[in-house]
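# Observations on the model geometry
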Amino acid sequence: MDIPSGGDLSPEERSLVPVGAGGRTPPPPPPDDEEDEGDEGMLRMSFLEHLEEMRHRIIRALQGFGVAFLLCIVFCYPLWDFVRAPAVDALTKIGVKPPQLYINEPMEAFSIIWVKVPLVFALFLGSPWVLYQVWAFIAPGLYQREKRLAVPFVVSTAGLFILGGAFAYFVAFRFGLAFLLGIGLQNGVAPLVTVTHYFDLFVNVMLGVALVFELPVAIFFLTLLHMASPRFLLQHSRYAILAIVIAAAIITPTPDFFNLMLFAAPMCLLYFVGVFASYLLVLKREGKKFPWRAVLTIALLSIVVLAAIGYWVLLKLHYHPVGHWPFMMK
């Protein structure tokens, strides 16, 4: 039997005609809401529940920091030897004998060696645990795809913090301290460094440089929150470099240009590392992929070629490799 077209039927009859048999076309299925799919992993919490979660995470962070502090107290004397090593090297280099630090008060050595030194090292040792608690507090308000950044966040943030402290200790602080203690030696000024003043300078440089090394993480999260973009960061990079040089001049313990560049050059490099991380985040949002294989291949070949050319030039200038700094001598 032929079924009449939909235009020859009354509204009542048209509703009885099967779908796809000349009657009504089925309505399109509702589009999938990606945001609703992401909401599946999001935990809804009230204001009081947020406060309770914050209290819980703060307690957990303090517990982990307390364990790290107690562990550092056990090794407080080896840690103090590690802290005073730059002072001993600097005093020995400028000819001060014996290369010692001094105290002015009976409680000075106790407060530094038994309290403040373990606190500083516990801050570095416990930083991964504390940062994990920070992430665990904000994770309930994130989408499921954003929660996957937990491990990269903790590893990169804690790693950069520890790397900044290592750079300050092994490079910046040692160069700057020798310069500071050597000022005035030719004019009858002998250094008499107290434990408190030395440790205060040590902490300022260590923590200042360690926090500056968090610049790539800060740039990444500004991009994640749509507060910055790689294009904007590159267009205003000259202002960023100026601000970095000013910040390095404030942090640098010495006024000379060499030590200023020891701080400014890594900070500028970290800025552009943050811009690159921001660019990778934007590519992921747009569904694009970065050509890692091609870029890494080109970079590796460039390094090999430059190293070969440099080695050939040094040989032509009658340099030869040695097992100590500067590793090439005539």
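Throughout what follows, the structure given in this document is the object of discussion. Please read these numbers as outputs of a predicted model, since none were measured by experiment. (Residues numbered from 1 in each chain as written. Predicted model: local features only at pLDDT ≥ 70, side-chain atom pairs only at ≥ 80, totals over all residues. Heavy atoms only, no water.)

Residue position: Pro128 is located in helix 6 (residues 127-138). Judged by relative accessible area, which is 31%, Pro128 ranks as partly exposed. In this structure the C-alpha to C-alpha distance between Pro128 and Val155, which are 27 residues apart in sequence, comes to 7.2 Å. If sequence neighbours within four positions are ignored, Pro128 has contacts with Val154 and Ala158. (Helix = DSSP H or I, 4+ residues; strand = E, 2+ residues; numbered from the N terminus. Buried < 20%, exposed > 50% of the residue type's maximum accessible area, 1.4 Å probe, protein only. Contact = heavy atoms within 4.5 Å.)

Below, the discussion takes up helix 3 (residues 47-74). Taking 1.5 Å per residue, 28 residues should reach 40 Å; helix 3 reaches 41 Å between its end C-alpha atoms and fits that length. Residues Glu53, Arg57, Ala61, Ala68, Phe69 and Cys72 constitute the buried set of helix 3. (Expected span 1.5 Å × (residues − 1).)

Tallied over the entire structure, the rule returns four salt bridges. A salt bridge links Arg55 to Glu52; the nearest nitrogen and oxygen atoms lie 2.7 Å apart. On the criterion of helical spacing, the pair formed by Arg55 and Glu52 is a turn pair, its members being three residues apart in helix 3. For Arg84, the salt bridge identified is with Asp81, shortest N-O distance 3.2 Å. One end of the pair is Arg84 and the other is Asp81, both in helix 4 (residues 76-93) and three residues apart, which spans about a single turn. Take Asp81: its relative accessible area is 38%, and that puts it in the partly exposed class. (Salt bridge = Lys/Arg side-chain N within 4 Å of Asp/Glu carboxyl O.)

Val83, Val117, Tyr198, Phe199 and Phe202 are the most contacted members of the largest nonpolar core, which totals 55 residues. At the level of elements, helix 3, helix 4, helix 5 (108-125), helix 8 (150-182), helix 9 (195-212), helix 10 (215-224), helix 12 (237-251) and helix 13 (257-285) are the ones that each hand at least two residues to this core. With sequence-adjacent residues up to four places away left out, Val117 is seen in contact with Leu79, Trp80, Val83, Ile112 and Phe199. Grouped together as the second largest cluster of nonpolar side chains are five residues, Trp135, Ala139, Ala150 and Phe153 included. (Core = buried A, V, L, I, M, F, W, Y, C linked by side-chain atoms within 4.5 Å.)

Now for the environment of Ala61. Along the chain, the position of Ala61 falls in helix 3. For Ala61, a relative accessible area of 13% translates into the label buried. Measuring from C-alpha to C-alpha, the distance between Ala61 and Tyr132 comes to 8.5 Å, with 71 residues separating the pair along the chain.

All right, on to helix 6 then. For helix 6, spanning twelve residues, the distance from its first C-alpha to its last is 17 Å, which sits close to the expected 16 Å at 1.5 Å a residue. Residues Ser127, Leu131, Gln133, Trp135 and Ala136 constitute the buried set of helix 6.

Before going further, it helps to examine the environment of Met54. Within the fold, Met54 resides in helix 3. Looking at Met54, the relative accessible area reads 37%, which means it is partly exposed. Taking the C-alpha atoms as reference points, Met54 and Gln133, separated by 79 residues in sequence, lie 9.4 Å from one another.

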